[in-house]
Amino acid sequence: MNHRSLALIAGNACPDLAQDIAKEMNSRLAPARVARFPDGEIDVRIDDNVRGSDVFLVQSTSPPVNDNLMELLILIDAARRASAARITAVIPYFGYARKDRKDEGRVPITAKLVANLLTEAGADRVLTVDLHAAQIQGFFDVPVDHLYASPVLTRHFRAQRLDDLTVVAPDVGSSKMARGYANRLGGELAIVDKRRVSAEHIEVGAIIGDVKDRNVLLIDDMISTGGSIAEAARICRDHGASSVRIAATHGVLCGPARERLAAAPVEEIVLTDTIPVDPTGLPKLVVLRIAPLLAEAIMRVHTEQSLSVLFKRPEDT
Ligand code: R5P
């Protein structure tokens with residue numbers, strides 16, 4: 001049992017989510033001021049005593065990613081210099097995760113660089129949700145608790161009792177995730193053959209698997225420009241799907257994403273709130289709360305209990 005006091009602190013990336021986590025924990029956010037100097041530099045001040053506390057800093061490294069990352073690093077530094085006993089970076093969405101290997105000459109491995117920055121700043125642990133690639137955990141030499149949004153999304157779709165369900169991965173990289181949902185929801189699996197032409201444009205080839213006269217659930221870890229999932233939705237329709245729903249853990253929604261999603265031939269777009277999402281112009285959007293999962297995980301880290309049980313409860317699997 002951890003007898004240290006718990007301090008929950010929010011940056012500016014996802015203040016509503018941080019507030020929601022605090023509410024779930026019957027707690028409150030420790031007052032912290034994250035402001036700017038006139039030249040744009042970030043200034044931080046924690047207004048509570050956190051000496052000897054178990055500090056949890058809630059900050060997604062979502063767009064504006066550089067500002068949010070820098071804010072998190074400075075908050076960690078402030079907590080460390082204020083003599084926090086332990087600092088956990090709670091990063092509901094971990095950005096810069098796509099550069100996780102050197103797949104051509106003279107390119108960085110930015111996910112590793114970010115891991116180094118976080119630990120160098122003073123993070124003792126990391127708590128995150130649906131990393132783009134699970135192996136990023138290995139970039140850290142401190143413990144990483146990797147949560148899955150699957151209980152939250154599975155509960156939503158299970159309640160819809162979709163017959164003749166096919167879970168579709170919009171690319172090969174998402175096929176493991178899609179297989180998990182197909183198993184949990186009792187559906188078949190299909191995979192879209194996607195090729196990325198540039199950061200914003202993709203080419204979609206065939207579908208491996210059957211979607212004709214099926215209710216399709218397209219699932220991905222993130223929707224960034226929306227190109228992958230909107231194209232995948234279109235090809236599923238072209239191949240005779242009777243309905244198409246799309247879901248992702250992280251709604252990055254940059255560039256043309258909102259227009260693409262608004263125009264996508266789908267019945268529903270489901271995201272969690274690891275990143276704040278503006279629903280304007282997206283009437284089919286449903287945003288599910290990730291706070292209950294994060295709140296329970298934070299309490300379990302604080303009291304040194306297992307986290308894997310969160311993903312083994314029958315109602316969540
Ligand atoms: C790719 O590996 C990811 O799982 C997503 O499919 C991708 O990042 C989504 O990007 P966009 O929305 O820009 O197509």
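Quick caveat: nothing in here was measured; it's all calculated off a predicted structure.

With that settled, the discussion passes to the overall build of the protein. Of the regular secondary structure elements, the protein holds 8 helices and 14 strands. Taken over the C-alpha trace, the protein has a radius of gyration of 20 Å; the compact-globule value for 317 residues is 20 Å, and the two agree within 12%. Principal axes of the C-alpha set define a box for the protein whose edges measure 60 × 45 × 35 Å. Expressed as a percentage of its 317 residues, the buried residues of the protein come to 54%. Taking the intrachain contacts of the protein between residues at least 6 apart in sequence as the baseline, contacts between residues at least 24 apart amount to 63%. Roughly 14300 Å² of accessible area belongs to the protein as shown, and the carbon and sulfur atoms make up 49% of that amount. Taken as two groups, the 38 positive and 42 negative side-chain charges of the protein have centres that lie 2 Å from each other.

Backbone hydrogen bonds are what pair the strands of a sheet, in a parallel or an antiparallel way. Spatial ordering of the open sheet is given by β1-β4-β5-β6-β7, a layout of 5 strands whose pairing is parallel. In the strand order of this sheet, the two ends are held by β1 (6–10) and β7 (144–147), each with one partner. In this sheet, neighbouring strand axes are inclined to one another by 15° on average, regardless of whether the strands run parallel or antiparallel. With 4 bridges connecting them, strand β6 (residues 125–129) and β7 associate as parallel partners. Each residue of the ladder has a partner; that of T128, found in β7, is H146. This element, helix α1 (residues 15–24), spans β1 and β4 (54–58) of the sheet and lies at about 155° to β1.

As a matter of local geometry, the ligand sits amid 15 residues, with D220, D221, T225, G226 and S228 nearest to it. Interatomic distance of 2.5 Å between a side-chain N/O atom of S228 and an oxygen atom of the ligand. In isolation the ligand offers 370 Å² of accessible surface; the protein chains occlude 90% of this area. If you list the elements that add at least two residues to the shell around the ligand, you get β9 (188–196), β11 (215–223) and α6 (227–238). Here the shell around the ligand gets 4 residues from one element, more than from any other, and that element is β11.

In terms of domains, the protein is made up of domain 1 (6–149 + 291–310) and domain 2 (150–288). The centre of domain 1, based on its C-alpha atoms, is set 27 Å off from the matching centre of domain 2. Across the contact, 16 residues belong to domain 1 and 17 residues belong to domain 2. Contact with domain 2 buries area across many residues of domain 1, yet Y93, D130 and A149 alone supply 40% of it, more than any other trio. Counting the contacts that link domain 1 with domain 2 gives 0 salt bridges. Here domain 1 is connected to domain 2 by 8 residue pairs in polar contact (both at pLDDT 80 or more). Grouping the amino acids of the side of domain 1 that touches domain 2 by side-chain chemistry returns 11 nonpolar, 3 polar and 2 charged.

Let us look at the environment of I207. With respect to the element layout, I207 can be found in strand β10 (residues 202–208). As a C-alpha pair, I207 and H239 span 32 residues in sequence and 8.4 Å in three-dimensional space. For I207, the contacting residues outside a window of four places in its chain are A190, I191, V192, I235, C236 and H239.

Per the counting criterion, the structure on display carries 19 salt bridges. Its salt-bridge partner being E231, residue R234 comes within 2.6 Å of it at the nearest N-O pair. Taken together, the residues span about one helical turn, with R234 and E231 both in helix α6 at a distance of 3 residues. Using a relative accessible area of 34% as the deciding quantity, one classes R234 as partly exposed. Between E268 and R245 there is a salt bridge, with its nearest N and O atoms 3.7 Å apart. Of this pair, E268 sits in strand β13 (residues 268–272) while R245 sits in strand β12 (residues 243–251), and the two are 23 residues apart along the sequence. The class of E268 is buried, set by a relative accessible area of 10%. The structure contains a network of salt bridges with shared partners spanning D20, K23, E24 and R289.

Calculation rules
Residues numbered from 1 in each chain as written. Predicted model: local features only at pLDDT ≥ 70, side-chain atom pairs only at ≥ 80, totals over all residues. Heavy atoms only, no water. Helix = DSSP H or I, 4+ residues; strand = E, 2+ residues; numbered from the N terminus. Rg over C-alpha atoms; globule rule 2.2 N^0.38 Å. Buried < 20%, exposed > 50% of the residue type's maximum accessible area, 1.4 Å probe, protein only. Contact = heavy atoms within 4.5 Å. Areas by Shrake-Rupley, 256 points an atom, 1.4 Å probe, with all protein chains shown as cover. Lys, Arg positive; Asp, Glu negative; His and termini not counted. Charge placed at Lys NZ, Arg CZ, Asp CG, Glu CD. Pairing = 2+ DSSP bridges. Axes fitted to C-alpha atoms, helices over the stretch in contact; angles between N-to-C directions. Near = heavy atom within 4 Å. Polar contact = N/O pair within 3.5 Å; in protein donor to acceptor, adjacent residues only side chain to side chain. Domains from an automatic or database assignment. Buried area = accessible area lost by both parts, 1.4 Å probe. Salt bridge = Lys/Arg side-chain N within 4 Å of Asp/Glu carboxyl O. Nonpolar A, V, L, I, M, F, W, Y, C, P; charged D, E, K, R; others polar.

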